[in-house]
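Structural description and commentary
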Amino acid sequence: MSVLETKDLTYTYGIGTPFEITAVDRVSVSVEAGEFLGVIGHTGSGKSTLIQMLNGLIRPTSGQVLLNGEDIWAKPKEIRRVRFKVGMVFQYPEYQLFEETVLKDIMFGPKNMGLTDAQAEEKAREAARFTELREDLLAKSPFELSGGEKRRAAIAGVIAMDPDVLILDEPAAGLDPKGRDMILAQISNYHRERNNTVILVSHSMEDIGRTADRVLVMNGGHAEFLGETRAVFSEGRELSEVGLRLPQITAILRRLSEMGMPVGETVLSVDEAFFQLLPLLKRNGGRGERA
Amino acid sequence: MISDITLGQFFPGDSVMHRLDPRVKLCMTVYYIVLIFCAHNWVVLALTVLMALSGVLLSKVPAKQYLKSLKPIWFLVAFTGILNLFYGSGEPVWSFWVLKITRAGIVNAVMISVRLVVLILISSVLTFTTSPTQLTDAIERVLKPLALLHVPVHEFAMMMTIALRFVPTLLEETDKIMSAQKARGADMESGGLGQRIRALIPVLIPLFVSAFRRAFDLATAMESRCYHGGAGRTRMKILKMGRVDFFAVGICLTYLAVFIVLCVAVPAAV
């Protein structure tokens, strides 16, 4: 069943000025309940505009967004209810922190939903658990936290609203590799435990390949491809035409496969490659250690 | 939408007005504004309006933009106009209770309204055709004599440049933070005054934090490039008067001469 669906969704900036530009052009896609969808595209492909329409932050120029089959703009006065169901984590979300303590900041969303302090605190602590924020950090001012911790606190602030769909725009941008791995793993865990829908926007094919079930490729405002991650990643040439490059590990394994090695044609992560290469090394008398 | 707010509304272009030396433009604008308020008969006023309109035409900025810049002051024009209507001396043309309208009142009202509109048009020509950086350069140069009185002219100009530079950046940031808080269910569109002010806290605090962060970053960046104030500082773009500029100054002086002659020759309207 599809939880979110777009129908001919279009958004044009600066209508009637010389700077008029259509950022999203007649996009019709549907997001299945419980899936992990990756949205990928290079800068200016319209991915950020698209996701902002999904939770009603911007109103489409034309076309519709259906949440559980209902047009989200049917009752514009109740658009906040849509925002509670479709949670959105923006790029560099740490800049939205404002409360005295981290815990209070995470409670901001749940309290806007009308929950009591006790209920909101319970949600906040649960969210903090997902993003692995230590108990002692929750009582601190958000401005005393490190960059990675701030990021996780901000993400927890959205998770705490317990949305049906969680959208994250470049959640790992500007983090070191360790912070990056940590955030992506937390998002995957959250997805697995809550079994709800996650949409991850990124321009990193590596990040998408590691996490997503399906991938939507955006190019010039159009939905270029939408399909299983492995199927989309197997279109190496088409992807490079829209300015995307396959993850290094996928490209290497593809070359090996072309050279006649018995490995899968489309490998999505280093871990997967490791398990494919290990038996080969053993067979050839190698030491079978991870390089 | 917040990004619709324009400040220092510069329209890039290549018209004569764009090419004029910003110092000349700045001085011309001040000079005009003084003359507008000296125009006390219809002929001189008509001449001033004509000059202003030719400035508008020469700038090649769409007329729509000028109308837009007049929009916020229509109320002011109407208000001063109506107020002036009732403040003329002489024989009343129309009277009701304590209110009376005289011929002088009508003339005054029309004159003051025309002057206000011309004033806005002329200053719009300046801001539309001069980039904020050029403008601050010009201000710095024009105010330089004040440095003799120990007024830190360069520092003021630098502050203005920086402030203008960061207006769009901070607007964009406000927009982003507002979106992020709205996504967390912040309600900024409804409720009473108190509720609305409280709703701004989640936007203002991150905005201040980020403004300070940017200020520190900028200070570090300036220091690491050895910025130490105005003393001994040379410029990349040296303002130089060209043929057009001397021509413009010539027109201004001719205009002044005609202006004085007409003021003497034609009797005042009131």
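Residues numbered from 1 in each chain as written. Chains lettered and ligands numbered in written order. Predicted model: local features only at pLDDT ≥ 70, side-chain atom pairs only at ≥ 80, totals over all residues. Heavy atoms only, no water.

So, the overall build of chain B
Using the following cut-off: A run of H or I in DSSP becomes a helix once it reaches four residues, and a run of E becomes a strand once it reaches two; helices and strands are each numbered from the N terminus. As a reference, a globule follows 2.2 Å times the number of residues to the power 0.38, and the radius of gyration itself is taken over C-alpha atoms. Burial classes follow relative accessibility: with a 1.4 Å probe on protein chains only, a residue under 20% of its type's maximum area counts as buried, one over 50% as exposed, and anything between as partly exposed. Each accessible area is a Shrake-Rupley estimate made with a 1.4 Å probe; only the visible protein chains count as cover when residues are assessed. As used throughout, the charge tally considers Lys and Arg to be positive and Asp and Glu to be negative, leaving His and the chain termini uncounted. Think of each charge as sitting on NZ of Lys, CZ of Arg, CG of Asp or CD of Glu.
When you go through chain B residue by residue, the secondary structure sums to 10 helices and two strands. Shown N-terminal to C-terminal, the secondary structure of chain B runs as helices and strands in the order α-α-α-α-α-β-β-α-α-α-α-α. Scaling as 2.2 N^0.38, a compact globule of 270 residues should have a C-alpha radius of gyration of about 18 Å, whereas chain B reaches 24 Å, well beyond that. With respect to the principal axes defined by its C-alpha atoms, chain B has extents near 65 × 55 × 40 Å. Within the span of chain B, comprising 270 residues, buried residues form 35% of the whole. Total accessible area on chain B stands at roughly 16600 Å², and carbon and sulfur atoms take up 72% of it. In chain B, 26 side chains carry a positive charge and 15 a negative one; their mean positions are 5 Å apart.

Concerning the packing of aromatic side chains
Rules: Working definition: rings of Phe, Tyr and Trp (its six-membered ring) pair if their centres are within 6.5 Å, and the pair is stacked with planes under 30 degrees apart, edge-to-face with planes over 60 apart, and tilted otherwise. Lysine NZ or arginine CZ positioned within 6 Å of the ring centre and within 35 degrees of the ring normal marks a charge as sitting over the ring.
Enumeration over the complete set of coordinates arrives at 11 aromatic pairs over all chains. With centroids separated by 5.2 Å and ring planes inclined at 20°, the aromatic side chains of B:Tyr32 and B:Tyr255 adopt a geometry described as stacked. Here the residue B:Tyr32 occupies a position in helix H2 (residues 22–36), and B:Tyr255 occupies one in helix H10 (residues 243–265), the gap between them amounting to 223 residues. Overall, the relative accessible area of 4% leaves B:Tyr255 in the buried class. Here the aromatic cluster, defined as three or more aromatic residues joined through ring pairs, consists of B:Tyr31, B:Tyr32, B:Tyr255 and B:Phe259. Just above the ring of A:Phe130 sits the side chain of A:Arg129; from NZ or CZ to the centre is 5.0 Å. We note B:Arg165 situated over the ring of B:Phe166; from NZ or CZ to the ring centre the distance is 4.8 Å.

Section: the nonpolar core
All names here are of chain A. Under the convention used in this document: Joining through side-chain atoms within 4.5 Å is the link that ties buried Ala, Val, Leu, Ile, Met, Phe, Trp, Tyr and Cys residues into a set, and such a set is a nonpolar core.
Of all hydrophobic cores here, the largest spans 47 residues; its most connected members are Ile106, Leu133, Leu166, Leu168, Val215, Val217 and Phe233. Residue contributions to this core peak at six residues, all from helix H6 (residues 147–159). Listed in part, the 33 residues of the second largest apolar core include Val27, Leu37, Ile51 and Val65.

Examining the interface of chain A and chain B
How large an interface is tends to be reported as the accessible area lost when its parts come together. Rules: In this description, contact between two residues means that some pair of their heavy atoms is separated by no more than 4.5 Å. Once two parts are brought into contact, the accessible area they lose, counted with a 1.4 Å probe and summed over both, makes up the buried area. Any Lys or Arg side-chain nitrogen found within 4 Å of a carboxyl oxygen on Asp or Glu counts as a salt bridge.
At the interface, 21 residues of chain A touch 17 residues of chain B. Here chain A and chain B share an interface that buries about 1600 Å² over both sides, 61% of which is from carbon and sulfur atoms. Remark: the boundary between chain A and chain B carries two salt bridges. The residue A:Asp105 makes a salt bridge to B:Arg184 at a minimum N-O spacing of 3.1 Å.

So, the pattern of salt bridges
A side chain with one charge can pair with a side chain of the opposite charge if their charged atoms come near. Under the counting rule described, the total for this entry stands at 23 salt bridges over all chains. A salt bridge links A:Arg134 to A:Asp136; the shortest N-O distance between them is 3.1 Å. Of the residues examined, A:Asp136 reaches a relative accessible area of 43% and is grouped as partly exposed. In this structure, the salt-bridge partner of B:Asp14 is B:Arg19, at a minimum N-O distance of 3.7 Å. The class of B:Asp14 is exposed, set by a relative accessible area of 61%. One salt-bridge network, held together by shared partners, links A:Lys123, A:Glu126, A:Arg129, A:Asp162, A:Glu193 and A:Arg194.

A few points about helix H4 (residues 63–70) of chain B
Residues and elements named next belong to chain B. Using the following cut-off: Within this analysis, the arc is defined by the directions that extend from the helix axis to the C-beta atoms.
Buried within H4 are the following residues: Gln65, Tyr66, Ser69 and Leu70. Down the axis of H4, the smallest arc covering the buried residues is 140°, so these residues share one side. Across from the buried face of H4, at angles greater than 90 degrees, the exposed residues are Lys64, Leu67 and Lys68. Each element contacted by the buried residues of H4 is listed here: helix H3 (42–59), helix H5 (74–85) and helix H6 (103–129).

Focus: the domain arrangement of chain B
So the rule is basically this: Domain ranges listed in this record stem from an automatic or a database domain assignment.
In terms of domain boundaries, chain B breaks down into domain 1 (8–130 + 240–270) and domain 2 (153–239). For domain 1 of chain B versus domain 2 of chain B, the separation of C-alpha centres amounts to 34 Å.

Points about a negative patch on the surface
What counts is decided by this rule: Only residues above 30% relative accessible area that lack a salt bridge enter a patch, with like-charged residues linked at up to 9 Å and the nonpolar side chains Val, Leu, Ile, Met, Phe, Trp and Tyr linked at up to 5 Å.
A surface patch of negative charge is lined by A:Glu224, A:Glu235, A:Glu238 and A:Glu241. Take A:Glu224: it is sitting in strand E11 (residues 222–228).

A few points about the pairing of strand E4 (residues 36–40) of chain A
Residues and elements named next belong to chain A. Selection rule: A pair of strands counts as paired when DSSP detects no fewer than two bridges linking them.
Of all five residues that make up E4, five are buried, and the element is covered over most of its length. Burial along E4 is two-sided: the residues Phe36, Gly38 and Ile40 and Leu37 and Val39 are all buried. Sheet analysis places E4 next to strand E9 (residues 197–202), joined by five bridges and oriented parallel. Following the sheet pairing, Leu37 is matched in E9 by Ile199. When E4 meets strand E10 (residues 214–219), the two strands line up parallel, connected through four bridges.

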